[in-house]
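Structure assessment
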Amino acid sequence: KIISNELPEKLLFDILGSRKNILFVEGEEGSFDAQLYSILYPDFFIIPCGSCMQVIMRTKSFNSTQNIHNYNVYGIIDRDFRTEDEINELERDNIYTLKVSEVENLFVIEELISFLSGHLAKNFNDVFSNIKNYIVKERFDNQFNIQVKKNVVSQIKYELSLVEISEYNTKESFTDAIRNINTDSIYEKSLSLYKDALQSNNYKKVLEIFNEKGLAKSIGHHLSLKDNDYLSTVIDILRNKEQNEVFEIFKNYIPRLSD
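Below: a short report on this structure. Note that the coordinates shown come from a computational prediction; the quantities given were computed from them, not determined experimentally.

A separate point is the environment of Gly-214. In this fold, Gly-214 is placed in the loop between α10 (203–209) and α11 (230–239). In this structure, the C-alpha to C-alpha distance between Gly-214 and Asn-105, residues 109 residues apart in sequence, is 9.0 Å.

Structure representation (structure tokens):
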């Protein structure tokens, strides 16, 4: 009998019967991001887990049961507002982050827009210029302050997660821990990061730090597609391409996993 607090028994048996290495991802079954992962990693058994915490817990849990399987097990999560230290720490457990803030941003990367422009016989320079201006100058600029604040909060939470509180000297150790978190420095670094991306009009950097859902559902008209049909159209097009060609489009934004 297979017992795990994090992994339902049925899921374990499905995994063990798949004969593929395992990839836990965010999102729901049938979602566009899960479909994209299945295209990008066709040699893996893709398991959407919902939240990033579920991906983290399940990846760690299944890696701890390697005595009952011979699979390589990985997790991929959104970058969100994670620091490089946090990203490096997660990689020790085979949990990797995207090079964009969230998986939806993969649908608006420059390389994909270039590919789609050629496929749909559109002028890439015109299409990309319009999309870039919309995402950077409108969406990102309008949410600049909110994004900075969210980044600061996320980094402070991470710093707090590293704090060790003494059971014998709880109040004092907690007070010292709070005092040692330099919130002013965190804010200044975050502000500088976001300001540099905006002022330099760095599209790739914006997609890396801009945590905003809905971008991919608002650009289809620039390619003469309905905005609501954009994601499904992209998935359909990618499904009909060779995996190497698809991976070439996304290679600078997703982790390369050993199968």
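There's plenty left to go through after this.
In this model, the largest pocket occupies a volume close to 420 Å³. As for the largest pocket, its lining consists of 18 residues, of which Arg-82, Thr-83, Glu-84, Gln-155 and Leu-193 are closest to the centre. Elements represented by at least two residues in the lining of the largest pocket include exactly α7 (144–161), α9 (183–199) and α10. Sorting elements by how many residues they give to the lining of the largest pocket places α9 first, with six residues. Grouping the constituent residues of the lining of the largest pocket by class yields five nonpolar, five polar and eight charged. The space that makes up the second largest pocket amounts to roughly 180 Å³. As for the second largest pocket, its lining consists of Cys-52, Asp-80, Phe-81, Arg-82, Glu-86, Ser-154, Lys-157, Tyr-158 and Ser-161. The greatest single-element share of the lining of the second largest pocket, amounting to four residues, is contributed by α7.

The next subject is the nonpolar core. Counting residues in each nonpolar core, the largest one holds 62 residues, and the members touching the most others are Tyr-41, Leu-112, Ile-135, Tyr-230, Leu-238 and Phe-250. Here this core gets seven residues from one element, more than from any other, and that element is helix α6 (residues 124–142). In this structure, Tyr-41 is in contact with Leu-23, Ile-46, Ile-76, Ile-254, Pro-255 and Leu-257, ignoring residues within four places of it in sequence.

The subject of this paragraph is the sheet that holds strand β4 (residues 95–97). Strand order in the open sheet made by the four strands is β2-β1-β3-β4, with parallel pairing throughout. The sheet is open, and its two edges are formed by β2 (44–48) and β4, each paired on a single side. Across the sheet, the axes of successive neighbouring strands diverge by a mean angle of 25 degrees, strand direction being ignored. Looking at chain direction, strand β1 (residues 21–25) and β2 are connected through five bridges and run parallel. Its bridge partner being in β2, Val-25 is matched across the sheet by Pro-48. Strands β1, β2 and β3 (73–77) of the sheet are contacted by helix α2 (residues 32–40), whose axis makes an angle of about 170 degrees with β2.

To continue, consider unusual backbone geometry. Positive phi values are uncommon outside glycine, yet Asn-201 reaches one of about 55 degrees. With respect to the helices and strands, Asn-201 occurs in the loop between α9 and α10. Judged by its relative accessible area of 22%, Asn-201 falls in the partly exposed class. With a phi close to 65 degrees, Ser-224 is a non-glycine residue in the positive phi region.

So, on to the side chain of Glu-208. Its location among the elements puts Glu-208 in helix α10. The exposure class of Glu-208 is buried, given its relative accessible area of 18%. When residues no more than four places from it in sequence are discounted, the contact partners of Glu-208 are Arg-79, Asp-80, Lys-99, Val-100 and Ser-101.

Glancing now at the packing of aromatic side chains. Applying the stated criterion across every chain yields a total of eight aromatic pairs. Between Tyr-41 and Phe-44, the ring centres sit 6.0 Å apart and the planes meet at 90 degrees, which makes this aromatic pair edge-to-face. You can call Phe-44 buried: its relative accessible area is 6%. With 5.0 Å between their ring centres and 85 degrees between their planes, Phe-128 and Tyr-203 make a pair best called edge-to-face. Taken together, the positions of Phe-128 in helix α6 and Tyr-203 in helix α10 put the pair 75 residues apart, joining distant regions of the chain. By relative accessible area, Tyr-203 is classed as buried at 5%. Counting every residue linked through ring pairs, the aromatic cluster contains Tyr-41, Phe-44, Tyr-74 and Tyr-96. Lying over the aromatic face of Tyr-253, Lys-204 brings its terminal NZ or CZ to 5.2 Å of the ring centre.

The rules behind the values
- Residues numbered from 1 in each chain as written.
- Predicted model: local features only at pLDDT ≥ 70, side-chain atom pairs only at ≥ 80, totals over all residues.
- Heavy atoms only, no water.
- Helix = DSSP H or I, 4+ residues; strand = E, 2+ residues; numbered from the N terminus.
- 1 Å grid on protein atoms, 1.4 Å probe; cavity = no way out; pocket = protein on both sides within 12 Å on 5 of 7 lines; lining within 4 Å.
- Points joined across faces, edges and corners; volume = space filled by probe spheres on them.
- Nonpolar A, V, L, I, M, F, W, Y, C, P; charged D, E, K, R; others polar.
- Core = buried A, V, L, I, M, F, W, Y, C linked by side-chain atoms within 4.5 Å.
- Buried < 20%, exposed > 50% of the residue type's maximum accessible area, 1.4 Å probe, protein only.
- Contact = heavy atoms within 4.5 Å.
- Pairing = 2+ DSSP bridges.
- Axes fitted to C-alpha atoms, helices over the stretch in contact; angles between N-to-C directions.
- Phe/Tyr/Trp six-rings, centres within 6.5 Å; stacked < 30°, edge-to-face > 60°.
- Lys NZ or Arg CZ within 6 Å of the ring centre and 35° of its normal.

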